[in-house]
Amino acid sequence: DNMANAIKKISVQRGYDITAYALNCFGGAGAQHACLIADSLGMKTVQIHPLAGVLSAYGMGLADIRANREMAVEDILTGKSDSNLQKLAARLEKDSTKELRAQGVKQAETVSHRRAHLRYSGTDSALIVPLDAHAKMRRSFEKAHRAQFGFTTPDKDIIVEAVSIESVGGGSRFKEPARRRTGTEPKALGKTRIFAGGKWRRSPIYNRDNLRAGQKVNGPALIIEAHNTTVVEDGWQAEMSPRQHLILQRVKRLPRRVAIGTKADPVMLEVFNNLFMSIAEQMGVTLEKTAYSVNIKERLDFSCAVFDQDGQLIANAPHMPVHLGSMDRSVETIIKANPKMKPGDVYVLNAPYNGGTHLPDITVVTPVFDDRKKKVLFYVASRGHHADVGGIAPGSMTPRATDINEEGVVIDNFKMVDQGRFREKALHDLLISGPYPCRNPVQNIADLKAQAAANEKGVQELRKMVGQFGLDVVQAYMGHVQDNAEESVRRVIDALHDCSFRYEMDQGTVINVKITVNKKTRTATVDFTGTSPQQPSNFNAPRPITRAAILYVFRVMVNDNIPMNAGCLKPINIVLPDNCMLSPEYPAAVVAGNVEVSQAVTSCLLCALNACAAAQSTMNNFNFGNDTYQYYETICGGSGAGEGFNGTSAVHTHMTNTRLTDPEILEFRYPVTLESFKVRRGSGGKGKWNGGDGTLRTMVFREAMDVSLLCSHRRVPPYGLGGGGAGECGENWVRRKNGKKQRLEGCDQTVVEPGDAIIIKTPSGGAYGKAV
C-alpha cells in the first residue's frame, strides 16, 4: 500500500488514468511486489526490463550531458535585432560546447539549441521560442501566447528579454536486439511454497535466463535471475518479449466494488476526483507564475476551479475556501447574462450582489466549447484578491466604508476578451471609472491577464481530458464525483444530532445558528434565524459567503479524500432571514463580510457541531498604501483545539488559506521594514487540549502611508469548547517615530509617517475540554 500510494502521488493525484498505462518496475525488490501494486492501482500490465535490478546505473550510462548558457538582452524585437541576437547566440554556444568538450564529448556528437525569451512590453512573463528571424519569432511568440493566455495583444511591442543556449551530447546509444518467438512450454526448475491469493501454495520456479521469446508463465509462480526475483501472482501471466522484457498481464478479472453514492468503479472515481482537482491546481500554478502583484504571486491570494455546463462546482484546488464555495454564483451569473457566448470570450465580475463576494475579489470566467465550437461543455474560473480596486482608502478595505460604491469599482459582467482579442483600453477605462477609481489599473490588468492565462490552462486540460476519455465518460464522472461527495456528507449527517450555537462578535452583533437533522431523509437544515440585522458598517456577508462557509465546514467533516464540490451541499437546506447581516441588500457595504463574518460563521458552525473550539476567527486584515504602493495581507494566529488534538500555532485558519509574503520580497517591493515577527508562546486557550498560539508582528514604514485594519476578537475572546478556556484577544497598536504608542481599534484607519510602526498581536485559539 505504501508503494502504491507513492505511485498515486505522481500519477493519480495529478489526474492521470494509470489504468491505461504499464507499470515499469525496477530495483532488486520491485518485481516481487509489482503484480500486487498494479492490482491496487487498477493497472493490468507490468513491464520488467532485463536489467531491472540495475536499471538506474544502466540509465545513467545512456544519459546525455547538457551545458546551458543564458544572457539578458532587454531590447525590442525588430528586423535590426536579428544579426545581434545571432552573434550573441554564437558566442554563448562557443562557451557551452567548450564545456562539453572538457567532459569528453566530441564536437560531432554535440547538438545545440538556440532560444529567445520574449514577452510583451509592460509584462514580466517571458515565453521561450526558437531563435530565428524576427518575423518567425513574432509568429511563434503569438502562437505560444495564445496557447498559454488565450489571447494576443498585436499593438504592443515584443521585448527580447534574454537569449539562451543548450548544448547536448555524449549519451551512449544502444539498441536491444529482437529475438524470434517460440511456442514451446517453459521448463520449471522445481516447486516451492509461496503465499499468493491469500493462502500458501506450491508453485513452480523458473530461471529467466532459460525463458525464450513467446514463452508464458502462469501465476502463481516465481521467476529468478542474478539481480532480480519476479513474483507472478494468481490471476497474472508473464510472457517473455522478443527484446527479453518480461510482460506481465492480468488474465483473470479482479473483482471491484462500487464507489459509495455511485455506480462508478472506485479506481476510476479516484482518478477523476484527482484529475479534476489537478486541472484546478495546474490553473493555480499558471496564475502564480504569470501574476504581477505580490498579493497574488507571493501570498497566493487566489483560487481556481472547474464547473459543469450549468455552473455547478465540480472540483477545486486547495486554495481559498471563502472563494471556492461562492464562485459558482459568479459563474451562474455570467451564464445567465450571456446566452450567446463565443469561443475565445472571457468575462469578469466582482459585483457582490450579483454573484461576487467583496470588490477586491475579481472573478474571471471562461467557457469551454466543444470541438465544433458550437456548444459550451464546461466553465473554468479563477478569482484573485486585487490589492486595490479603488474606494475611499488604498487597499479597498477601509473600515469606514458604509456604501458599496465607497469600496471601489464595481464590475458586473464585463467581457474582457472578445473572441481571443484582449480589450485592454475598455478594461482600463472601466477600472478608472466611478467616484473612487482604481489606483493602479496597470497592475490590475496584469493580474487579470494572468487569471485569463490560468483559465486557458484549464480549457486546454479539459479538452485534453475529453480527447482521452470521451465526452460521455467525462460528463458521467462529473456527476459521479458529486454523487460521491453527496453520499459522503450524508454519512456525516447520519452521525450528527440537533445542535445550536450563539456567536457574538466585537461589534455586539450575533450570529445564531441551529442545525436540525432529519434522519429519514438524511438531510440537515442550517437555520440562521436570530442573527443580527443588516449592519450600517461593512460587516455584512452576501449570501454566497455564508454558503461558502457551510460548504467548507461540512466538507472538512468528511474524512475521505474528495474534492469540495456542489454535491456536498445537496443534503443541506440553508435558511437565511431577509435583511440580516448574512443576507444584506444593495447598497450595503460588504468588505468585512467576506473576510471577518465568513470566519465567524465558520467558527460558529464548528462550535455548534462540537468539532473544535474557535480559531482566532479573524483574518487580521492589514492594508497600507498611497498613490504609488498598495499592499494587503492577512496575518496568522492560533487554531482551535478539538477532541484528541491541540490547536496549531501561527497558522492561517479556515476561510483564508494564503501565505505571508517573504520578508525579502516584502521589503524589496515596498518601502517598509519587517522589524519582528514571532509566535506568542503559551497564549493559546488552556484546557485538556490547548488552543494554538497567536503571533506578534511589527512593521516599520519608510514612506507616509494610509493604513487600514479590519480585525476581530479584539474584545470578545475566541471561544473554548467542552469546558476549555478561551483564547487570548488580539491587539492593534501604532508606534510613532518618537516611541509613543497609541492603541488602535480592531477596525481602524490611521496615517503613518516615515519611522512609524504598526504592531499587530493576533488572537490565539480556544481550548477543548476541562484541564485535567
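Analysis parameters
Residues numbered from 1 in each chain as written. Predicted model: local features only at pLDDT ≥ 70, side-chain atom pairs only at ≥ 80, totals over all residues. Heavy atoms only, no water. Helix = DSSP H or I, 4+ residues; strand = E, 2+ residues; numbered from the N terminus. Rg over C-alpha atoms; globule rule 2.2 N^0.38 Å. Contact = heavy atoms within 4.5 Å. Areas by Shrake-Rupley, 256 points an atom, 1.4 Å probe, with all protein chains shown as cover. Core = buried A, V, L, I, M, F, W, Y, C linked by side-chain atoms within 4.5 Å. Buried < 20%, exposed > 50% of the residue type's maximum accessible area, 1.4 Å probe, protein only. Salt bridge = Lys/Arg side-chain N within 4 Å of Asp/Glu carboxyl O. Expected span 1.5 Å × (residues − 1). Pairing = 2+ DSSP bridges. Axes fitted to C-alpha atoms, helices over the stretch in contact; angles between N-to-C directions. Phe/Tyr/Trp six-rings, centres within 6.5 Å; stacked < 30°, edge-to-face > 60°. Lys NZ or Arg CZ within 6 Å of the ring centre and 35° of its normal. Parallel < 35°, antiparallel > 145°, perpendicular 65-115°, else oblique. Nonpolar A, V, L, I, M, F, W, Y, C, P; charged D, E, K, R; others polar.

Engineer: Could you give an account of the overall build of the chain, with specific residues and numbers?
Structural biologist: Within the chain, the secondary structure is distributed over 15 helices and 33 strands. On C-alpha atoms alone, the chain measures out to a radius of gyration of 30 Å, which is about the 28 Å that the 2.2 N^0.38 rule sets for 772 residues. If you line up the chain on its principal axes, its C-alpha atoms span 90 × 75 × 55 Å. In the chain, of all internal contacts separated by at least 6 residues, the share reaching a separation of at least 24 is 69%. Taken as a whole, the chain presents about 32,400 Å² of accessible surface, with 49% of it coming from carbon and sulfur.

Engineer: Give a description of the nonpolar core that names residues and reports values.
Structural biologist: In terms of nonpolar packing, the biggest core is built from 77 residues, with Ile511, Phe528 and Leu582 touching the most fellow members. Among the elements that make up this core, the one with the highest residue count is helix α14 (residues 591–608) (11 residues). Counting residues in hydrophobic clusters, the runner-up holds 32 residues, among them Met277, Ile279, Val368 and Ala450.

Engineer: Give a detailed account of helix α2 (residues 30–41), specifying residues and quantitative values.
Structural biologist: Listing the buried residues of α2 in full gives Gly30, Ala31, Ala34, Cys35, Ile37, Ala38, Asp39 and Leu41. A positive phi of about 80° marks Gly42, the residue just after α2.

Engineer: Tell me about the pattern of salt bridges, residues and numbers included.
Structural biologist: A full pass over the atoms with the stated rule returns 35 salt bridges. Across the salt bridge formed by Asp234 and Arg201, the nearest N and O atoms sit 3.2 Å from each other. On the criterion of sequence distance, the pair formed by Asp234 in the loop between β11 (229–232) and β12 (236–240) and Arg201 in strand β8 (residues 199–207) is long-range, its members being 33 residues apart. Judged by relative accessible area, Asp234 falls into the partly exposed class, the value being 24%. Looking at Arg201, the relative accessible area reads 23%, which means it is partly exposed. Two residues, Arg697 and Glu633, come together in a salt bridge whose shortest N-O distance is 2.8 Å. Taken together, the positions of Arg697 in strand β28 (residues 695–701) and Glu633 in strand β26 (residues 630–633) put the pair 64 residues apart, joining distant regions of the chain.

Engineer: Can you explain the environment of Phe195? Please cite residues and give values.
Structural biologist: For Phe195, the position within the fold is in strand β7 (residues 190–196). Considered as a pair, Phe195 and Glu233 are 38 residues apart in the sequence and their alpha carbons are 9.2 Å apart.

Engineer: Account for helix α13 (residues 543–556), naming residues and giving values.
Structural biologist: Relative to the 20 Å expected for 14 residues at 1.5 Å per residue, α13 spans 20 Å between its end C-alpha atoms, a close match to the ideal helical length. Most of α13 is tucked away, with 12 of its 14 residues classed as buried. All buried positions along α13 are accounted for by Pro544, Ile545, Thr546, Arg547, Ala548, Ala549, Ile550, Leu551, Tyr552, Val553, Phe554 and Arg555.

Engineer: Go over the sheet that holds strand β32 (residues 747–752) with me, naming the residues and quoting the values.
Structural biologist: Strands sit in the order β26-β25-β29-β32 across an open sheet of four strands; the sheet is antiparallel. Each edge of the open sheet is held by one strand with a lone partner, namely β26 and β32. Across the sheet, the mean angle separating the axes of adjacent strands is 10° when strand polarity is ignored. Sheet topology note: the strand β29 (residues 705–710)/β32 ladder contains six bridges and is antiparallel. Bridged to Leu709 within β32 is Asp748.

Engineer: Can you break down the environment of Thr78 residue by residue, with the values?
Structural biologist: The topology assignment puts Thr78 in the loop between β3 (65–76) and α4 (81–102). For the pair formed by Thr78 and His134, sequence separation is 56 residues and the distance between their alpha carbons is 6.2 Å.

Engineer: Describe the packing of aromatic side chains, and please don't skip the residues or the numbers.
Structural biologist: Overall, the coordinates contain 16 aromatic pairs when judged by the stated rule. When the ring of Phe195 is compared with that of Trp200, the centres are 5.4 Å apart and the planes differ by 75°; the resulting orientation is edge-to-face. You can call Phe195 partly exposed: its relative accessible area is 49%. The class for Trp200 is exposed, based on a relative accessible area of 52%. An aromatic cluster of at least three residues, connected via ring pairs, comprises Phe622, Phe624, Tyr629, Tyr631, Tyr670 and Phe701. Lying across the ring of Trp200, Arg193 places its NZ or CZ 4.5 Å from the centre. A cation over an aromatic ring shows up here: Lys741 above the ring of Trp733, its NZ or CZ 4.9 Å from the ring centre.

Engineer: Describe the packing of helix α11 (residues 441–469) against helix α12 (residues 471–494), with residues and values.
Structural biologist: Angle between the axes and distance between the axes are the two parameters that describe a pair of packed helices. Two elements in contact, α11 and α12, have axes whose closest approach is 6 Å; the angle formed by their N-to-C orientations is 115°. Looking at the two axes, α11 sits roughly perpendicular to α12. Contact with α11, carried on its side by Leu462, Met465, Val466 and Phe469, involves Leu471, Val473, Val474 and Met478 of α12 and no other residues of that element. Looking at the contact of α11 with α12, its residues break down into eight nonpolar, no polar and no charged.

Engineer: Outline the sheet that holds strand β27 (residues 672–679), supporting the account with residue identities and numerical values.
Structural biologist: Ordered in space as β27-β28-β33-β30-β31, the five strands form an open sheet in which the pairing is antiparallel. This sheet does not close on itself; its edge strands, each paired only once, are β27 and β31 (741–744). Neighbouring strand axes in the sheet, compared pairwise and without regard to direction, differ in orientation by 15° on average. Across four bridges, strand β30 (residues 731–735) lies against β31 in antiparallel orientation. Within the sheet, the bridge partner assigned to Asn732 lies in β31 and is Leu744.

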